[in-house]
Amino acid sequence: MKRVLTGIMALGLSAGAAEAADELTLQLKWVTQAQFAGYYVALEKGFYEDADLDVEIKPGGPDIAPPQVIAGGGADVIIEWMPAALAAREKGLPLVNIAQPFKRSGMMLTCLKETGIESPEDFKGKTLGVWFFGNEFPFLSWMSQLGIPTEGGDEGVEVLKQGFNVDPLIQKQADCVSTMTYNEYWQVIDAGFTPDDLVVFNYTDQGVATLEDGIYTTEENVEDPEMADKLARFVAASMQGWEYARENPDEAADIVLEYDATGAQTEEHQRRMMREINKLTEGSDGTLDVSAAETTVDSLLSGGEAPVITKRPEGAWTDKITSMIE
Amino acid sequence: MLIVAALAVWIAGWALNHWLARRRERWVPLISALIFGATLLLIWELLVRGLAVPAVILPPPSAIAARLADPATQGLLWGDFVQTFVKGALSGFVIGSGAAFVVAVVTDRSPFLQRGLLPVGNFVAALPIIGMAPIMVMWFGFGWQSKAAIVVVMVFFPMLVNTVAGLKETDALQRDLMRTYAAGYWQTLLKLRLPAAAPFIFNGLKIASTLALIGAIVAEFFGSPTRGMGFRISTEVGRLSLDMVWAVIAVAAVAGSAFYGGIALLERAATFWHPSQRER
């Protein structure tokens, strides 16, 4: 991969800056933060430029669904979680995973120890905070695998639509809330709880982890040879960005802060997030682990009465783009 | 082809309404409105199909109708309606406008409150709902109570300002007349000033009715149980079930219009004597 990258770089250099670079728009899943450091680093460090790409990074937010943006022509590539992408695919939007920089899932359910929850069996009768807007799929498939109804009652769990913060846990309105290893978990810690006060269920440990933060585009784009070439250069340069972020976490966090137009992020939080994110991208060269994708599909299909997807998807991922790099 | 058909439908609908507008029968305005609405729906359907707009951007009305006809969806929508409209919006509307009415009568007696409270009222009324909603969820929990609280905040001041203005409607001559009848404060209030204020009060109620539904729906974006119109909209957008989103919007539009229309009918019955209601 390294050799090809240098090749691409050499190509980019010899092509010269005078020629117009290929434009590409990337829609992120969430606001500018270290979760997307690889892309910002690639932009800042000129990895995209070297690959003759002019990349525009669009931050997301609580009211932005990346699949909808790409369907409306607002982006060429998006960062999305696999469950949401597969659900969109069933709705008739042919999204394809072309690369998977995140090897591991960062999703957890964080509970207060004082609620007496020790294992998933103790969830019955408790109130759990869950993110919706397409992020509820991993939780729903977990609960259906456990056989716990999500309609409330003594034998089920009461589900709250949690905002994108951890207030319900801090105010004890919920017994558990959804957290990411790299973000909300630390908001709980910052709110004055110690790790000893908390019981954490990692989705990976529970065997229900789904693939997060993959790079998706449409089938049409993958089949277009010119676009496929652009995408291959994009993925290669992005992975170079991730590699750089792993080697220089503090600098990467600072780059993210620079691009945060809202000014809402703090240095401490971003540097910490960067280190947590690096644990999730560790060992990934961008190629998708097909068995992990199959596990995601299995977990989504086993949705009981209301499965997230109803049939096994075909062509939802391709190694065409990543194999063009190697 | 379908786009040409859409154009043809537009021209036909327009011509039909043009022809109808020249007739003077009572039913003409109603029929015209129906034709206009049907034309819009037909054009929408034809354009979406003709231009091959993806269903995740804008579903055709037929898909939305199919959603609405599905019994499982109807069950969900009914639950959402009860949660958001009946529990959230309606109770917030009653509490908020009721409290505003009482405060308006009290304020009317006290110049101090008039000078002090109304500017503060304007200030609070200008607070954005998205700033209030997370705070109310923090205070009153995830259930309908926090939604009702937001509705109270939203409807209180439009109602207060209108009622206070309405209570000023009588002139000195009318009040003097009441005094010569030996009427006390309460008699003057009940028999002269409140009836005179009624058009203003109903104005406040009409504004409050639309605000109440908007407030209750938007508030659910900031934390809710897994039911309610706002919850459904924000969740189904994320799932790209845009037909479901439009189905909820249709229910909300019908509920909101019926609520507003009900108040307008009440107004007509209660203020039949007012110039604005004559010649109908």
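Residues numbered from 1 in each chain as written. Chains lettered and ligands numbered in written order. Predicted model: local features only at pLDDT ≥ 70, side-chain atom pairs only at ≥ 80, totals over all residues. Heavy atoms only, no water.

(A) Broad picture of the environment of G46 of chain A. All names here are of chain A. With respect to the helices and strands, the residue G46 is situated in the loop between α2 (37–44) and α3 (47–50). You can call G46 buried: its relative accessible area is 10%. Once the C-alpha coordinates of G46 and T295 are considered, the two residues, 249 residues apart in sequence, prove to be 36 Å apart. (Helix = DSSP H or I, 4+ residues; strand = E, 2+ residues; numbered from the N terminus. Buried < 20%, exposed > 50% of the residue type's maximum accessible area, 1.4 Å probe, protein only.)

(B) The UniProt feature "transmembrane region" (unreviewed entry) in chain B, seen in detail. Residues and elements named next belong to chain B. UniProt records the feature "transmembrane region" (unreviewed entry) at residues 27–44, 89–107, 119–142, 148–167, 200–224 and 244–266, using the numbering of this structure. The annotated region residues 89–107 carries 100% helix and 0% strand content, and the separation between its end C-alpha atoms amounts to 26 Å. Split by type, residues 200–224 is 80% helix and 4% strand. Its first and last C-alpha atoms lie 34 Å apart. (UniProt positions renumbered as here; feature names shortened; annotations may be inferred.)

(C) Region of the structure containing the confidence of the model for chain B. Residue and element names in this part refer to chain B. Overall, the prediction assigns chain B a mean pLDDT of 87, with 99% of residues at 70 or greater. Ranking the elements of chain B by mean pLDDT puts helix α5 (residues 111–125) last, at 80, and helix α11 (residues 242–270) first, at 92. Among the prediction metrics, the complex's ipTM stands at 0.73, with pTM recorded as 0.79. (pLDDT = per-residue confidence, 0-100.)

(D) The domain arrangement of chain A, seen in detail. Residue and element names in this part refer to chain A. Examined at the domain level, chain A breaks down into domain 1 (11–103 + 211–323) and domain 2 (107–202). For domain 1 and domain 2, the distance between their C-alpha centroids amounts to 27 Å. Between domain 1 and domain 2, the residue contacts involve 25 residues of the former and 16 residues of the latter. Of the roughly 1,800 Å² buried between domain 1 and domain 2 on both sides combined, carbon and sulfur atoms contribute 63%. Across the domain 1-domain 2 interface, the total number found is one salt bridge. For D190, the salt bridge is made with R272, and the minimal N-O distance between the two is 2.9 Å. The interface formed by domain 1 and domain 2 includes six residue pairs in polar contact (both at pLDDT 80 or more). For the side of domain 1 that touches domain 2, the secondary structure elements donating two or more residues are α5 (82–90), α12 (267–281) and α13 (290–301). Ranked by residues supplied to the side of domain 1 that touches domain 2, first place goes to α12 with six residues. Across the side of domain 1 that touches domain 2, the residue classes break down as 13 nonpolar, seven polar and five charged. (Domains from an automatic or database assignment. Contact = heavy atoms within 4.5 Å. Buried area = accessible area lost by both parts, 1.4 Å probe. Salt bridge = Lys/Arg side-chain N within 4 Å of Asp/Glu carboxyl O. Polar contact = N/O pair within 3.5 Å; in protein donor to acceptor, adjacent residues only side chain to side chain. Nonpolar A, V, L, I, M, F, W, Y, C, P; charged D, E, K, R; others polar.)

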